[in-house]
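# Coordinate inspection notes
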Amino acid sequence: MEKEIDEKIQGQTLVLEHKNENTKKLFIESYGCAMNFSDSEIVASIMTEQGYNTTQILEEADLVLVNTCSIRDKAEQTIRKRLEKYNAVKRDINPKMKVGVLGCMAERLKDQFLEQEKIVDLVVGPDAYKDLPNLLKEVEEGRDAINVILSKDETYGDVSPVRLNSNGINAFVSITRGCDNMCTFCVVPFTRGRERSREPQSIIGEIQDLWDKGFKEVCLLGQNVDSYLWYGGGLKKDFDKASEMQKATSVDFAQLLEMCAIQFPKMRFRFSTSNPQDMHEEVLHVIAKYPNVCNYIHLPVQSGSTRILKEMNRQHTREEYMELIDKIKLIIPGCSISQDMITGFPTETEEDHQDTLSLIEYVQYDFGYMFSYSERPGTMAARKMEDDVPEEVKKRRLQEVVDLQQKISEERTSRFLGQTVEVLIERESKKSKAEWSGRISENVVAVFPKEHYKIGDFVWVKVNNYTSATLIGEAVGYSDMN
Ligand code: SAH
Ligand code: F3S
């Protein structure tokens, strides 16, 4: 068994997608969400066909592509700094280098990049990556190139992604694109377009390919995975117009997850992100039923105040969210739950903020991703509401939320002390060359002495100690997931 895994890992290195006949060099950099990282793998695949190999050295690149994020102003500022850096390299070292902006900033700012930021040669939105070869031709012929058209049906289901910076064990597989939810603070519906789902067989095909290459864990990705719905193609919002036959043979998220779990019993599955309003009980039963579907749900809520949730156009109240949490705890005992929170949304009062704190206490989240509100141009909140919570109040509330979550996270991590947990080994521990690092089903990191185990092994680990977010232990044997 060990030998088999070893060979699979070596096989993986062979497919590091370096094609000898390719002479041009692509430097591709990604910011923002997992979907962007996954998209960059699609882009790398398209560019490999165009004669490019990826490089980690910016200065030697013929083409630089930066996959951008618009979610908060800070993300955009970071990327602008990077563009300045590319500009300097182009000016001082490599004048032939071409620079392209991909992703959400490309979609949001469109031709502003070509007009104002002279350094950018091409601008490509999230649904236009297949047009990259044509756009590059335009650039080579001395013209600026732009395609920011959003699509009704593009899912890149027919592109086999090149895995970038991969450990050969974990992979993202995107299952939906776009979002129809229109949360009033969020730029995503504008930059990524309407929601559409990818054909189940192409998803299963991609996972099969990953399995054949030795991958052990897949995270199914979408802005809102619970609203996955395949009925033969087309937008989620047009499902009502589908034929009876299409409706009868449609596949929803719970069914897709179950298909994955059954077809690949020795592979672990995670998914991200869930939206409380679309999460159905069936999904919880699938998680509970299949040991290879991880006991972990990322369930962003944004605020604990029903009034603020309404202003955010989230389609549930505080109480409905708490009911969903109760249901998760009942159906999947011990399930890890994490949150996204925003502090200082317009009109948020101290009372609303207290509601957020008390919700965190109620749920006892394992961890969370917390942000202060950043107004995004074009969103409903930007158009209709004044950004009226002072910056220092937003920051103070954020700190209170972070502090509380940290305290609860530590308590949650401590529950594994003395237990034996199943760890998938992902990489060498950053702190010690003598230790492996991996994750348990509940998404907590665990480290332990390497002994004879290898990356990609599923191992039982006895937890002897912990820090706030890491379990420390020792291996006690292989699990039967191998
Ligand atoms: N459903 C998505 C959410 C995308 S945005 C997903 O797949 O993750 C990720 C998180 O960023 C949101 O849940 C929210 O907490 C935060 N966020 C989005 N817009 C924001 C804004 N304008 N200001 C601050 N935080 C924001
Ligand atoms: Fe954004 Fe809300 Fe969709 S946070 S991605 S509009 S679910």
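Source: prediction; values computed, not measured.

Basis of the calculations
- Residues numbered from 1 in each chain as written.
- Chains lettered and ligands numbered in written order.
- Predicted model: local features only at pLDDT ≥ 70, side-chain atom pairs only at ≥ 80, totals over all residues.
- Heavy atoms only, no water.
- Near = heavy atom within 4 Å.
- Polar contact = N/O pair within 3.5 Å; in protein donor to acceptor, adjacent residues only side chain to side chain.
- Areas by Shrake-Rupley, 256 points an atom, 1.4 Å probe, with all protein chains shown as cover.
- Helix = DSSP H or I, 4+ residues; strand = E, 2+ residues; numbered from the N terminus.
- Nonpolar A, V, L, I, M, F, W, Y, C, P; charged D, E, K, R; others polar.
- Domains from an automatic or database assignment.
- Pairing = 2+ DSSP bridges.
- Axes fitted to C-alpha atoms, helices over the stretch in contact; angles between N-to-C directions.
- Contact = heavy atoms within 4.5 Å.
- Core = buried A, V, L, I, M, F, W, Y, C linked by side-chain atoms within 4.5 Å.
- Buried < 20%, exposed > 50% of the residue type's maximum accessible area, 1.4 Å probe, protein only.
- Patch = residues over 30% accessible without salt bridge, like charges linked within 9 Å, V, L, I, M, F, W, Y side chains within 5 Å.
- Salt bridge = Lys/Arg side-chain N within 4 Å of Asp/Glu carboxyl O.
- Lys, Arg positive; Asp, Glu negative; His and termini not counted.
- Charge placed at Lys NZ, Arg CZ, Asp CG, Glu CD.
- Parallel < 35°, antiparallel > 145°, perpendicular 65-115°, else oblique.
- Left-handed = near helix turned anticlockwise from the far one by under 90°.

### What to know about the site of ligand 1
Contacts to ligand 1 come from 14 residues, most closely from Gln-223, Thr-273, Gln-302, Asp-340 and Ser-374. Residue Gln-223 places a main-chain N or O atom 2.5 Å away from a nitrogen atom belonging to ligand 1. Side-chain polar atom of Asp-340 to an oxygen atom of ligand 1: 2.6 Å apart, as the coordinates give it. Protein contact buries 86% of the 550 Å² of open area that ligand 1 shows by itself. Looking at the shell around ligand 1, the elements that each hand over two or more residues are β15 (336-343) and β16 (367-372). Here the shell around ligand 1 is composed, by residue class, of five nonpolar, six polar and three charged.

### Here's the deal with the domain arrangement of the chain
Under the domain assignment used here, the chain contains domain 1 (2-147), domain 2 (170-414) and domain 3 (420-478). The C-alpha-based centres of domain 1 and domain 3 are spaced at 34 Å.

### Structural notes on unusual backbone geometry
Geometrically, the link from Ser-272 to Thr-273 is a cis peptide bond, its omega value of 10° lying close to zero. Note on placement: Thr-273 falls in the loop between β13 (268-272) and α11 (281-289). The phi dihedral of Asn-165 falls on the positive side, at around 45°, and the residue is not glycine. Among the secondary structure elements, Asn-165 is positioned in the loop between β6 (145-147) and β7 (170-174). Not every positive phi belongs to a glycine, and Met-182 is a case in point at roughly 55°. Within the secondary structure layout, Met-182 lies in the loop between β8 (176-177) and α7 (188-192).

### Thoughts on the site of ligand 2
Around ligand 2, the neighbouring residues are Cys-179, Asn-181, Met-182, Cys-183, Phe-185, Cys-186, Val-188, Pro-189, Gln-223, Asn-275 and Arg-314. Residue composition of the shell around ligand 2, grouped by class: seven nonpolar, three polar and one charged.

### Structural notes on the sheet that holds β15
On the basis of which strands lie adjacent, the open sheet formed by three strands has the order β14-β15-β16 and parallel pairing. Edge positions in the sheet fall to β14 (296-298) and β16, since each has one partner strand and no second. With strand direction ignored, the average angle separating the axes of adjacent strands in the sheet is 10°. Looking at chain direction, β15 and β16 are connected through six bridges and run parallel. Residue pairing in the sheet places Met-341 in a bridge with Met-370 of β16. Contacting β15 and β16, helix α16 (residues 391-414) crosses the sheet at an angle of about 175° to β16.

### Considering the nonpolar core
Ile-207, Leu-220, Phe-253, Leu-257, Phe-271 and Ile-297 are the most contacted members of the largest nonpolar core, which has 54 residues in total. For Leu-220, the contacting residues outside a window of four places in its chain are Val-173, Ile-175, Ile-203, Ile-207, Val-225, Phe-253, Leu-257, Cys-260, Arg-270, Phe-271 and Ser-272. Of all hydrophobic cores here, the second largest spans 24 residues; its members include Ile-46, Leu-132, Leu-136 and Ala-145.

### Quick word on a negative patch on the surface
On the surface, Glu-319, Glu-320, Glu-323 and Asp-326 cluster together to form a negatively charged patch. As for its position among the elements, Glu-319 is in helix α13 (residues 318-331).

### Focus on the sheet that holds strand β5 (residues 122-124)
Overall, parallel pairing links the six strands, which are arranged β2-β1-β3-β4-β5-β6 in an open sheet. Taken across any chain shown, the strands that pair with only one partner, and hence form the sheet edges, are β2 (52-54) and β6. On average, each strand axis in the sheet is tilted by 20° relative to the strand beside it, whichever way the strands run. Here three bridges tie strand β4 (residues 98-102) to β5, and the two strands are oriented parallel to one another. Each residue of the ladder has a partner; that of Gly-100, found in β5, is Leu-122.

### Considering the side chain of Arg-196
Structurally, Arg-196 is set in strand β9 (residues 196-197). Among the polar contacts listed, one links the side chain of Arg-196 to the backbone oxygen of Ser-151, at a separation of 3.5 Å. Of the polar contacts made by the side chain of Arg-196, one reaches the backbone oxygen of Arg-192; its length is 3.0 Å. Each residue touching Arg-196, except ones within four places of it in the same chain, is listed here: Asp-127, Ser-151, Lys-152, Asp-153, Glu-154, Thr-155, Ile-175, Thr-176, Arg-177, Gly-178, Gly-234 and Leu-235.

### Topic: the packing of α13 against helix α14 (residues 350-363)
Where α13 contacts α14, the axes come no closer than 11 Å and their chain directions differ by 15°. Classified by the interaxial angle, the pair formed by α13 and α14 is roughly parallel. The two elements α13 and α14 cross, and the hand of that crossing is right-handed. For the pair α13 and α14, the contacting residues are Arg-318, Tyr-321, Met-322, Ile-325, Asp-326 and Lys-329 in the first and Asp-355, Ser-358, Leu-359, Tyr-362 and Val-363 in the second.

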